[in-house]
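Residue strings, one per chain:
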Amino acid sequence: MEQSLQFLLESDHCVSFDDEDGFVSLESRQARCCQDLTLQLREVNDHKTNIRDVFQCKLSDLTPKLCALLSHRVDQEALLPATQDAEANEEVLSDTTNAMTLTFPAMAAAELYVSLLAMPGALGSGLVELEALTALTAIVRRWALECCGRENMMNDRFQHRRQKSPTKSPPKKRSRSKGPIPICSAHSGDDEEEDGSSDPGPSEILQIGLQAAHALCEIPAEREFSTWSSEARESLLESVVSVFATSAAMKNLHSLCPDIVDHGSKSLQAAIEHCTTKSQLHEAAVVILRGLLRILQFKEVLPNGERGKLDAHAAAAKALDGLIQNVARTDKSSTPEGTQTPSRKGRRSSFGRTPATNTNRRTPRSQRRRVSLDGVTPMLSPALKKGRQSPGCLTPTGGLSKLDPVLSVFLGMLQRLATSPGFERASARIPTVEALQTCAASLPLPERAHFLRYLLKLCQSKVSIHRLVACEIIGNFLSRDWLQTHVEDTVEGNSSTPTSPELQPLPAALWKALQGRLVDRIAAVRARAASALEMAIKTNSCCIQESLLSALRKRAVTDETATVRKASISGMTQILLIKKDWMSEWYLGAFCELCLDHSLLTRKIAADSITILLLAYSGHHFGSMLEEAWSKCVLPMVLDEEAGTKAVALVDRVVISPILEGDDEDQNLSMWRILAHVGNSAGQQGSSKEPTQALQVALKQITIEDSEKVECHLLDRAISVAHKAVQAEASESLLVGVWCLLENLLVQLNDIRPRVKKLKRSTDSFVFCINAWKIVLGRQSNSQAAWLRGTLRSSFLVASRLAQALDPAMVEECRNDLKKEIKVFSFTPDVISAAISALGAMHPQSGGREVSRREFAATIREIFSCCEEELTRFVQHAQADRENNENDVGLEEKVVRALFTVGELSMIGFCRDDDDQRMGPDDKEADFFRGMHEGPSPILQKIVQSLLSSHLPGPKKYKNLAPLRAHAFTVLGKLCLRDERLTKSSLNLLARELHPSAASNPAVQSNVLLVLGDLSVRYTNMTDRYLPVLASCLQSGTEDPEVNMVSSTSSSSAVVRKHAVLLLSSLLLQDYIKWRGLLFHRFLVACSDDDEGVAHLAENVLSGPLWVRSPKLFYNHFVESLFVLNKCTAHPIYLAAASHGDGGSGIAVGFEGIHLNGEVGQIRRRRMYDFLLSKLSDEEKIGVTARLAKEVLACAVANNGDLGKVCEISADDMDFRLESAWNVMNDVFYVLSNKAIKVGKIVEDDALEDPNIPSASRQVTVAKSRLLSKISRKQLIEIVLPVLCNLKVKLQQNCSPLLKQLMQYLCEIFQSYKKEAREFLANDPTLLHEIEYDARQIL
């Protein structure tokens, strides 16, 4: 060891030594000596041996030698690789790989130097030299850079492969000058090692750096380190932080790296612990945090790419947390204020071996770095640096808090970290937020309270990403238990009196700040605030208020961003799980509405929320409403192509599994009530069939996954419960629910016979199933409840499916009983169809299809005869019945049942194309009679037709009842579907009933409308000419066509208008009718209907499927709508629109009976214009503006027609025709001045408005918006403005009242495009001055 040290100290500066292999450089010989010394030091050093006990010579002279070696680098000219070295060339061209400038002498000297510094007594031996430490810092940083891109060389597996193949070495770089020829030994050039005589390659050099890094991390742990000069400590701590970060980035590549990270973290903490004064502690904290800040901000260049940066970030966050805890403990056990610490100069004088020339050495760079923490000011927040403290900065005890200076450094670090750039990337934001949460929890109470107040300020920042980070951190803090320790800390709240500010607890202020971000301008912040609230509510519900629930509901329903709606739904769910008393129909309606949201994510979370609340509210008084909502909103989602799988899983969880797991005695479970809602909705008139269809699809999907579960276990369970429910007269929910389940189960089975044989139930149970309708009918005779009728209908459908699988004798007996009940009209109209279907299914089919048809036809004729007798009795004795039994409601009900029976019997075997060959392989009992037609007798047809009249037959002509007429028209429609001749003779009768002058009953008109719709599908060519009559139903209810329809619309006719909207839109979508004449404009008028339901339905239909089918629908009809809605019939545009699509036949939809004049009419017209403008794209808005200028305003300037005349006369001298033209001009100026027609307005969204969040879609949208805005501006200046100037001259000459609106529009153009407008109006200074004056008046 002494020999190697003497060689280092006494070697002169000769360039090389002679060796048998050639010349060997001095640096190479010195490097070998350094390597030998390092190995020997490892053998003798046990971390307690003083350096003076190891070396007897003077070591202060060794420092300059090592400093020279530390600065040794590869010559720049030697970095150019050989032309044929492909690997070296690729390395040079790589963006991630830095040039390999480190040399073996430099790394060997660094390893020896840090090994010496790690020994006790290094300071007294003169080894702590600032110049050498600066060189060490430089080589450490260079080592970190050169590790980037060479991670494979640092891998343990790579080193293992190199040991197996020592002859294979990486390609060498050719030097243009003579490089150093390495030697084999440090002592002489004659002895050679067995491995060869070459210097270590890049891999070995980088490995030496790892060994040096390991030794470097041990230096701050020595107590002697605290006696170093401040500059020396600063330089070494920077090196430690650098190797700490580099090793953390490569911890998964080399086995030594985790140990280095652990030693580095402990040494940084030891450097804090060993500080003897506050100033020394402050300086150490500043240096360490300056290095950690770059790591935590992902600014440090580290190996292993993004993975390495994330690993280094995690290690730095953990180290920072440990430092905060350590400083907090040190602050509590600090020395008294009177204790004096020796000065820096006095300490150094005690070590005579420290060179005097380096005692006061201080570089300008070190001075600058001590002032600020690389941007992190080691002081208080800006509010506390102005010489006064915030009134809200109170300690838990109520006094003013003075923060610790050292902890203020860490506090400033956290504040700077919370506002770091680059947080738009989630990969950078999420780990940083987690680090802030962990470190803030380790702060003492005063500093933590200060940081919480800083977060409150950050919530109000103008930078959106800062608000987002604050929401994430606050949401996590609100779920922590330690937050309750800040209850006595207060901050200023909103107060109406500035002189007496209101103080509120800090936790409450955090809740309020987070709630306030729900209305943030940026959607990402709103979504994060809602998610944070959800997370906080789960663990901390003490500060929840109902205002928060209302705010979340508003965001869930009205927000335009799906992520915000999703997060708000989750937050609402968590609150309602805790505060069950707050549940109401208002909140439940929001969940139901969001189940129909256009976003798949929102629909799924809404369905999950209703399901979670349903299970949580079991036994609660609000549980029944949740069950109904689940059946109406969640169950139909099974039919959703995107969310169907999720909904099927919910059906299995809520309905199927509880039924299989329950017992027979538990009759009040929610699954039966849910099924009862499905069963009841199936039989209600006008109700949706989606729940029933969804249940069938869900059962089918579950059957595919597990057929045994559904076809055996569930069916067996359903039959068992149904048997007991009917026999024991169970509750409504159980009875309706089990029969609904049984009905839909049997519908899924194509062939019931093999399933019946597999079931464990006895034959008596199945016999009971087909006879259960008798028991239910007996209960119905005592009660006319709707749920009993639904159960009766389900029992008929079950009997229809089981009939062919049971004993024919039993089925025959049941069939005879059913036929008797049908003949005496025991069933209500909503049950008759199911009863007749069951009667057909019970007919024996063993004798063949033709035999069965003949037998069933005989049965139909027999029932027809009973219907004929009943209707004949009613018609013939109508006079007597009316005089003697005017209030005999039972007789009228029986006639209605007879009529309905006639219609259902006539539809048996109906097929849309009357094609008997359309049966598929799965068509069984229900299709056995398809194609057969057994119509009523001519007498019965005439009796039905006689009931169509508004008066009953007889001399006194009593008025016929509306229900009878409505049912009679329905029966006539069914007969027409089977008889083309009857259709031809009945179309005029049906059309007459829909005419506006008929003033028919709304129920009758509604049925006639539906009949004509079905006939339009069946006989399209026959009904085509009746399209104007159908279109007139869109405005049904106008009593006087000459009176404004606003004041004459009947509210009872709203159902007719709704049916007209649905029917006509369905026919349009199926191409049975076309956009003929003014049909579109009648739809448009329906959008402003007095009935909000009709208006909303018309808007949804027009802007939904009809708009999707014809994307240019609104654009093509916009300009003509101005003339049609004002009934400007003389204008060519109106005439062209009225004759559109008639094909020369003269049959087109007109605009009769619609008057939109007057003030109220103007309001409705403007509502229609607003609706049309809201659906136009920017390109279409430019086209509409151009058409209005050329086809309307230009015509008024050219004195063509009525538009030119109204510009020349006053409003008092107008007839109806000129008034219509006047309204057109008014509406044109309204549309042009409307804000909705402006081009270039970007929808408010975080990806579009926030400049801190770049996005490709944002760039495309902004570029397109700017381009269209320029086109619109050019069009206004070059096309529209000249027309307006010419029109202004004409209006001014005639003193027209339209001049006021024209000038207002000119002022708007001037305000928006002042520069361009001034350039254009430079030739007309008078007009320019007028516009400027009017613009100032408006402003």
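Quick caveat, the model's predicted, so the values are computed rather than measured.

Scoring rules and cut-offs
Residues numbered from 1 in each chain as written. Predicted model: local features only at pLDDT ≥ 70, side-chain atom pairs only at ≥ 80, totals over all residues. Heavy atoms only, no water. Helix = DSSP H or I, 4+ residues; strand = E, 2+ residues; numbered from the N terminus. Buried < 20%, exposed > 50% of the residue type's maximum accessible area, 1.4 Å probe, protein only. Contact = heavy atoms within 4.5 Å. Core = buried A, V, L, I, M, F, W, Y, C linked by side-chain atoms within 4.5 Å. Expected span 1.5 Å × (residues − 1). Bend = angle between axes of the 7 residues up to and from the residue. Axes fitted to C-alpha atoms, helices over the stretch in contact; angles between N-to-C directions. Left-handed = near helix turned anticlockwise from the far one by under 90°. Parallel < 35°, antiparallel > 145°, perpendicular 65-115°, else oblique. Nonpolar A, V, L, I, M, F, W, Y, C, P; charged D, E, K, R; others polar. Phe/Tyr/Trp six-rings, centres within 6.5 Å; stacked < 30°, edge-to-face > 60°. Lys NZ or Arg CZ within 6 Å of the ring centre and 35° of its normal. Disulfide = S-S within 2.5 Å. Salt bridge = Lys/Arg side-chain N within 4 Å of Asp/Glu carboxyl O. pLDDT = per-residue confidence, 0-100. Polar contact = N/O pair within 3.5 Å; in protein donor to acceptor, adjacent residues only side chain to side chain.

### Focus: the overall build of the protein chain
And then number 1: Along its length, the protein chain carries 60 helices and four strands.
And then number 2: In the protein chain, which comprises 1339 residues, the proportion classed as buried is 54%.
And then number 3: Nonlocal contacts in the protein chain, meaning residues at least 24 apart in sequence, comprise 74% of its contacts between residues at least 6 apart.

### Section: unusual backbone geometry
And then number 1: At F825, a residue that is not glycine, the phi angle is positive and equals roughly 55°.
And then number 2: Examined against the element boundaries, F825 turns out to sit in the loop between α36 (808-823) and α37 (829-841).
And then number 3: Positive phi is not limited to glycine here, since C1295 has a value of about 50°.
And then number 4: With respect to the helices, strands and loops of the structure, C1295 is situated in the loop between α57 (1256-1293) and α58 (1298-1312).

### As for the nonpolar core
And then number 1: Within the largest apolar cluster, 395 residues are counted, with the highest numbers of intra-cluster contacts made by L136, L292, W630, F827 and M1225.
And then number 2: Excluding residues that lie within four positions of it along the chain, M1225 makes contacts with V1192, L1193, A1196, L1203, V1206, C1207, L1287 and L1298.

### Thoughts on helix α28 (residues 644-661)
And then number 1: The end-to-end C-alpha separation of α28 is 24 Å, in line with the 26 Å expected for 18 residues at 1.5 Å each.
And then number 2: If you look at α28, its biggest bend is around 40°, right at D652.
And then number 3: Listing the buried residues of α28 in full gives G644, A647, V648, L650, V651, D652, V654, V655, I656, S657 and I659.

### A few points about the packing of helix α31 (residues 707-727) against helix α32 (residues 732-748)
The description of two packed helices rests on the angle between their axes and on the distance between the axes.
And then number 1: Between α31 and α32, the shortest axis-to-axis distance is 9 Å and the interhelical angle comes to 145°. Handedness of the α31/α32 crossing: left-handed. From α31, V710, L714, L715, A718, I719, V721, A722, A725 and V726 reach across to α32, where they touch L734, L735, V738, W739, L741, L742, L745 and L746.

### Some remarks on the packing of helix α38 (residues 849-876) against helix α41 (residues 938-946)
And then number 1: Viewed as axis vectors pointing N to C, α38 and α41 meet at an angle of 45°, and their least axial separation amounts to 10 Å. Our classification of the angle between α38 and α41 gives oblique. For α38 against α41, the interelement crossing comes out left-handed. Residues F864, C867, E868, L871, T872 and V875 of α38 form the contact with α41, whose own contacting residues are I939, L940, I943, V944 and S946.
And then number 2: Among the residues forming the contact of α38 with α41, the class breakdown is eight nonpolar, two polar and one charged.

### Concerning the packing of aromatic side chains
And then number 1: Scanning the entire structure with this criterion turns up 13 aromatic pairs.
And then number 2: With 6.3 Å between their ring centres and 25° between their planes, F451 and Y454 make a pair best called stacked. Within this pair, F451 and its partner Y454 are both found in helix α19 (residues 445-458), separated by three residues, close to a single helical turn.
And then number 3: The class for Y454 is buried, based on a relative accessible area of 14%.
And then number 4: An aromatic cluster of at least three residues, connected via ring pairs, comprises W1075, F1080, F1083, W1107, F1114 and F1171.
And then number 5: Against the face of W482 rests R448, its NZ or CZ located 4.3 Å from the ring centre.
And then number 6: A cation sits over an aromatic face here: K580 above Y617, 5.5 Å from the ring centre.

### Focus on the state of the cysteines
And then number 1: Under the counting rule described, the total for this entry stands at zero disulfides.
And then number 2: Here C33 stays unpaired: no disulfide links it, and the sulfur of C34, its closest cysteine neighbor, is 7.0 Å away.
And then number 3: When its relative accessible area of 1% is taken as the criterion, C33 is described as buried.

### Observations regarding helix α12 (residues 256-273)
And then number 1: The end-to-end C-alpha separation of α12 is 26 Å, in line with the 26 Å expected for 18 residues at 1.5 Å each.
And then number 2: Where α12 is concerned, the buried positions are L256, C257, I260, V261, G264, S265, S267, L268, A270, A271 and I272.

### Comments concerning the environment of L1030
And then number 1: Structurally, the position occupied by L1030 is in helix α46 (residues 1027-1032).
And then number 2: C-alpha of L1030 to C-alpha of L1079: the two residues are 49 residues apart in sequence and 9.9 Å apart in space.

### What to know about the pattern of salt bridges
Working definition: two side chains of opposite charge can pair if their charged atoms are close together.
And then number 1: For the structure on display, the rule yields 44 salt bridges.
And then number 2: Across the pair D520 and R517 runs a salt bridge, and its minimum N-O distance is 2.3 Å.
And then number 3: For D520, a relative accessible area of 4% gives the class buried.
And then number 4: Note that R526 is salt-bridged to E560, the shortest N-O span being 3.3 Å. Of this pair, R526 sits in helix α22 (residues 523-539) while E560 sits in the loop between α23 (546-558) and α24 (562-578); the two residues are 34 residues apart in sequence, bridging distant segments of the chain.
And then number 5: With a relative accessible area of 42%, E560 lands in the partly exposed category.

### Describing the side chain of S1121
And then number 1: In this fold, S1121 is placed in helix α50 (residues 1113-1125).
And then number 2: Beyond its immediate sequence surroundings of up to four residues, S1121 is in contact with F1080, H1081, L1084, Y1169 and L1172.

### Points about the confidence of the model for the protein chain
Predicted coordinates in areas of low pLDDT are best not read in detail.
And then number 1: Mean pLDDT for the protein chain: 78, with 78% of residues reaching 70 or above.
And then number 2: At the low end of the mean pLDDT range in the protein chain sits helix α15 (residues 344-349), at 36; at the high end sits helix α48 (residues 1079-1086), at 93.
And then number 3: When the criterion is pLDDT under 50, residues 13-17 qualifies, and its contacts beyond four places in sequence or with other chains add up to 15 contacts.
And then number 4: The model gives residues 1242-1254 a pLDDT under 50, and that stretch makes 35 contacts with residues more than four places away or in other chains.

### Description of the side chain of R1165
And then number 1: By secondary structure assignment, the location of R1165 is in helix α52 (residues 1158-1174).
And then number 2: At 3.1 Å, the side chain of R1165 forms a polar contact with the side chain of N1126.
And then number 3: Those residues within four positions of R1165 in sequence are excluded, and the remaining contacts are L1125, N1126, L1156, N1157, N1223 and D1227.

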